[in-house]
Amino acid sequence: QARGGAASQALEPPGVGERLEVLWDIHDDSTGTVKHAWWRCVVEASDGAKGAATLLYESRGAEFPEERCAVHFLPSGELYDDGTQTTLPWRRQGEAYVLCATMRASDAPQTAGQMLDEQAQADAQAGISLEAAGSEAMQSLPYAKQAQIAEDYRQFTDFLKHKLAAILAERGEGAVVTGDDIEAAKAQFAELRAGGGGAL
């Protein structure tokens, strides 16, 4: 049985001969558990104009033999499996899958708890947490790039902690941190980095 998911990055429909991976749910009836697995396949036929294609899935042992499926590639970067009538995330083999949660626009400030609740709902819908998707994307990069991203993230979080502490000192206990505050902090951090200065 297939799994649904949050929209991946917008992708150009693949051409004939391209090798892909599609994210499926694999149900174990003996234990009642579900495992998410990227299932490899190749595009056998494609109508690029309409997004229609035929995929040939590799065998996953005796339980899951080689199989052909008719699909449609969607503008959202997902595909629609015609047989199971489900929408599935996909990626080209060797590429990371980037999970994109749809964020609602609102003028009203949100508490940290509300943001965590919304992210939990997005994770449940996608079947994979934002943290796990990010970890998977990181692991696909060369080690040197992983180390650089980790250092950049550490510097930004240290900088943001100082900015939030300054907001608290200025506005008092229970102060609301808005999206504008975060965007201003990001812009200031980027300016400091571009100028070659320290983050703090």
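**Student:** Quick question: what am I supposed to make of the packing of helix α3 (residues 143–171) against helix α4 (residues 179–194) here?
**Tutor:** In a pair of packed helices, the angle between the axes and the distance between the axes together describe the arrangement. Where α3 contacts α4, the axes come no closer than 10 Å and their chain directions differ by 130°. Considering their axes alone, α3 and α4 lie oblique with respect to each other. For the crossing formed where α3 meets α4, the hand is right-handed. Each of Gln148, Asp152, Gln155, Phe156, Phe159, Leu160, Lys163, Ile167 and Arg171 in α3 lies in contact with α4, whose residues at this interface are Asp181, Ile182, Ala185, Lys186, Gln188, Phe189, Leu192 and Arg193. Classifying every residue of the contact of α3 with α4 by side-chain character gives eight nonpolar, three polar and six charged.

**Student:** Would you mind going over α3 with me for this structure?
**Tutor:** Three or four residues apart is the spacing at which side chains of an α-helix point the same way, because the helix has 3.6 residues per turn. Between its terminal C-alpha atoms α3 stretches 42 Å, which fits the 42 Å expected from 29 residues at 1.5 Å a residue. Within α3, burial applies to Phe156, Phe159, Leu160 and Ile167. The positive-phi residue at the C-terminal boundary of α3 is Gly172, with phi of around 95°.

**Student:** Any chance you could explain α4 here in plain terms?
**Tutor:** Relative to the 22 Å expected for 16 residues at 1.5 Å per residue, α4 spans 22 Å between its end C-alpha atoms, a close match to the ideal helical length. Looking only at α4, the buried set comprises Asp181, Ala185 and Phe189. One side of α4 holds all its buried residues, which, seen down the axis, span an arc of 70°. Facing away from the buried side of α4 by over 90 degrees, the exposed positions are Asp180, Glu191 and Ala194. Buried residues in α4 make contact with α3.

About the criteria used
Here the residue numbers are simple positions, counted from 1 along each chain's written sequence. Owing to the predicted nature of the model, reporting of local features is limited to residues with pLDDT of at least 70; listing and counting of side-chain atom pairs is limited to 80 or more, with chain, interface and lining totals taken over all residues. With hydrogens and water stripped out, all remaining heavy atoms of the structure feed into the side-chain values. Fitted lines through C-alpha atoms give the axes, limited to the stretch in contact for helices. The angle between two N-to-C directions lies from 0 to 180 degrees. Every helix listed is a DSSP run of H or I at least four residues long, and every strand listed is a run of E at least two residues long, numbered separately from the N terminus. When an angle is under 35 degrees it counts as roughly parallel; over 145 it counts as roughly antiparallel; between 65 and 115 it counts as roughly perpendicular; any other value is oblique. Take the far helix as the reference: if the near one is turned anticlockwise from it by less than a right angle, the crossing is left-handed, and if turned clockwise, right-handed. Throughout, a contact is declared for two residues whenever any of their heavy atoms are within 4.5 Å. By the convention adopted, Pro, Cys, Tyr, Trp, Phe, Met, Ile, Leu, Val and Ala count as nonpolar, Lys, Arg, Asp and Glu as charged, and the other residues, Gly among them, as polar. In a helix, the anticipated span is given by 1.5 Å times the number of residues less one. Whether a residue is buried, partly exposed or exposed follows from its accessible area with a 1.4 Å probe, protein chains only, as a fraction of its type maximum: under 20%, in between, or over 50%, in that order. Directions pointing from the helix axis toward each C-beta atom define the arc.

The analysis is restricted to geometry; functional conclusions fall outside its scope.
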